[in-house]
Amino acid sequence: NLTTQLAQVTFDGPLLNASGIHCQTKEELADLAATSNLAGIVTKSATLLPRTGNESPRYYDLAYGSINSMGLPNLGYPFYLDYVQQETAKPTILSVAGLSAEDVLEVLMDVQDSDYQGITELNLSCPNVPGKPQTAYDFVATRKLLERVFAFFTKPIGVKLPPYFDLVHFDQIAAVLNDFPITHVNTVNSVGNGLVVDVEKEQVVTKPKGGFGGLGGAMILPTALANVRALRQRLNESIAIIGTGGVTSGADVFAHILCGADMVSVGTQVIKEGLGVYDRLTEELQAIMAEKGYESLSDFRGQLREL
Ligand code: DHB
């Protein structure tokens, strides 16, 4: 039994797509609806206006992960808001991003006024829009934005966070988030502004921003696990955690849950392997659980041992 709960919504299993992965178009979203062992669908982060995103090449596959600088290509929020109100195959998470606080608030006001009763996720951490900082690295700006959101927003909403690398920063972001009725945090977004060097060509591998881009995949697993663990140790119990980052095996899913994740999402490995990855990860997770004698995710969630 792999069922799990998030914001009073029951999911058949722990696995989600990472936002941005195969979830931008109607066709891609239909593929996700038909994917077995994918328990819910997260939309591409939607902005007020449609965007074509950054220039290509803007995604590059590496042996140890990926680098991307997509720049928020999406069809504009009305498309995704309409989609989540139509979709019935599985629960949805509507991801929303903005180029400014005003943009975000305008989108969220429409979500509030719509018939959508599902979960929304406010992306505070896109690293790839030139000139726009990642909101969640500014704790004062994050608090101010959440104050404005919760002045009118009464539906289930969580936040997508960037990775933090200093224990004091975990204390600081948790202190902000614990003051608001958020349903969940999704941690981590890509590790922002890495740089991959092609030594043979003496050149970068992606075009936008001179080659700087968000890192994902196996290389970020320890960072993702640290963020899940550190936030689980600091956030109110009422705030669930979606663990994102570095999952390539069922053991990695198990590790995320052991660190405290309620659900786990998969990005880079879907690009590498296709949507069948969710079946493989589920089989591997179930094999590990069977060997250890665990019957449900709650048997080991958050139970990571220290030395
Ligand atoms: C993009 C990347 C992100 O990490 C994110 O949170 C939102 C958008 C992008 O480049 O499209």
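Structure report, in brief. What you see is a predicted model, and the numbers here were worked out from it, not measured in a lab.

## What about the overall build of the protein chain?
Consideration 1: Check the secondary structure of the protein chain and you find nine helices and 16 strands.
Consideration 2: Relative to its length of 307 residues, the protein chain is compact, with a C-alpha radius of gyration of 18 Å against a globular reference of 19 Å.
Consideration 3: On the principal axes, the C-alpha backbone points of the protein chain span a range of 55 × 50 × 40 Å.
Consideration 4: For the protein chain, the residues scored as buried account for 49% of the 307 residues in total.
Consideration 5: For the protein chain, long-range pairs separated by at least 24 residues make up 74% of all intrachain contacts whose partners lie at least 6 apart in sequence.

## Side note on the site of the ligand
Consideration 1: Looking at the ligand, there are 16 residues lining it, with M70, L72, C126, N128 and S190 nearest.
Consideration 2: Partitioned by chemical class, the residues of the shell around the ligand number five nonpolar, eleven polar and no charged.

## With respect to helix α7 (residues 250-258)
Consideration 1: Extensive coverage of α7 is indicated by the burial of seven of its nine residues.
Consideration 2: Buried within α7 are the following residues: D252, V253, F254, A255, H256, I257 and L258.
Consideration 3: Tucked inside the fold, the buried residues of α7 contact α6 (221-232), β15 (240-244), β16 (263-266) and α9 (277-292).
Consideration 4: G260 occupies a position one or two residues after α7 and carries a positive phi of about 125 degrees.

## Remarks on the nonpolar core
Consideration 1: With 81 residues, the main nonpolar core has L15, V96, V107, L177, V185 and A261 as its most contacted residues.
Consideration 2: Non-local contacts of V96, meaning those with residues more than four positions away in its chain, are made with S45, A46, Y77, V104, V107, L108, T120, L122 and N123.

## Some words on the sheet that holds strand β14 (residues 212-216)
Consideration 1: Read from one edge to the other, the open sheet built from four strands follows the order β5-β6-β14-β11, with strand pairing classed as antiparallel. Two strands bound the open sheet, and with one partner strand each, they are β5 (59-62) and β11 (191-195). Across the sheet, the axes of successive neighbouring strands diverge by a mean angle of 35 degrees, strand direction being ignored.
Consideration 2: Alignment of strand β6 (residues 65-68) against β14, held across three bridges, turns out to be antiparallel. Within the sheet, the bridge partner assigned to S66 lies in β14 and is G216.

## Some words on the sheet that holds strand β4 (residues 41-42)
Consideration 1: Taken in spatial order, the eight strands line up as β3-β16-β15-β10-β9-β8-β7-β4 in an open sheet, and their pairing is parallel. Strand pairing shows two members of the sheet lacking a second neighbour, β3 (15-17) and β4, which therefore form its edges.
Consideration 2: Where strand β10 (residues 184-187) lies against β15, four bridges are found, and the strand directions are parallel. Of the residues in β15, the one forming a bridge with V185 is I241.

## Remarks on the environment of Y164
Consideration 1: Turning to its location among the elements, Y164 is positioned in the loop between β9 (157-161) and α5 (167-177).
Consideration 2: A sequence separation of 59 residues divides Y164 from T223, and the C-alpha atoms of the two residues are 8.2 Å apart.
Consideration 3: In contact with Y164, not counting residues within four places along its chain, are H169, F170, I173 and N227.

## Considering unusual backbone geometry
Consideration 1: With an omega of 0 degrees, the peptide bond between S56 and P57 qualifies as cis.
Consideration 2: Note on placement: P57 falls in the loop between β4 and β5.
Consideration 3: Of the consecutive residues T187 and V188, the connecting peptide bond is found in the cis state with omega at 15 degrees.
Consideration 4: Here V188 shows up in the loop between β10 and β11.
Consideration 5: We note that A7 has phi near 50 degrees; this positive angle belongs to a residue other than glycine.
Consideration 6: With respect to the helices and strands, the residue A7 is situated in the loop between β1 (4-6) and β2 (9-11).
Consideration 7: The phi dihedral of N193 is positive, around 55 degrees, even though this residue is not glycine.
Consideration 8: With respect to the helices and strands, N193 occurs in strand β11.
Consideration 9: Overall, the presence of 16 C-beta atoms within 10 Å leaves N193 in the partly exposed class.

The rules behind each value
Numbering of residues starts from 1 in every chain and runs along the sequence as written. pLDDT decides what is reported in this predicted model: residues at 70 or higher carry local features, side-chain atom pairs at 80 or more are listed and counted, and totals for whole chains, interfaces and linings draw on all residues regardless. In DSSP terms, a helix is any run of H or I states spanning at least four residues, a strand is any run of E spanning at least two, and both are numbered starting from the N terminus. The globule rule used here is 2.2 Å times the number of residues to the 0.38 power, and the radius of gyration it is set against is calculated over C-alpha atoms. Exposure classification rests on a simple neighbour count of other C-beta atoms within 10 Å of a residue's own: a residue reaching 20 or more is buried, one at 12 or fewer is exposed, and one in between is partly exposed. C-beta atoms are placed from the backbone. Here, residues touch in the contact sense if the C-beta positions derived from the backbone fall within 7 Å of one another. Using a C-beta atom placed from the backbone, a residue is described as near a molecule or strand when that atom lies within 6 Å of it. Amino acids are sorted into nonpolar (Ala, Val, Leu, Ile, Met, Phe, Trp, Tyr, Cys and Pro), charged (Asp, Glu, Lys and Arg) and polar (every other residue, Gly among them). Nonpolar cores are built from buried Ala, Val, Leu, Ile, Met, Phe, Trp, Tyr and Cys residues. These are joined into a set through C-beta atoms within 7 Å. Paired strands, as defined in this entry, are two strands with at least two bridges between them according to DSSP. Axis angles are defined between N-to-C directions and span 0 to 180 degrees, where every axis is a line fitted to C-alpha atoms and, for a helix, only to the segment in contact.

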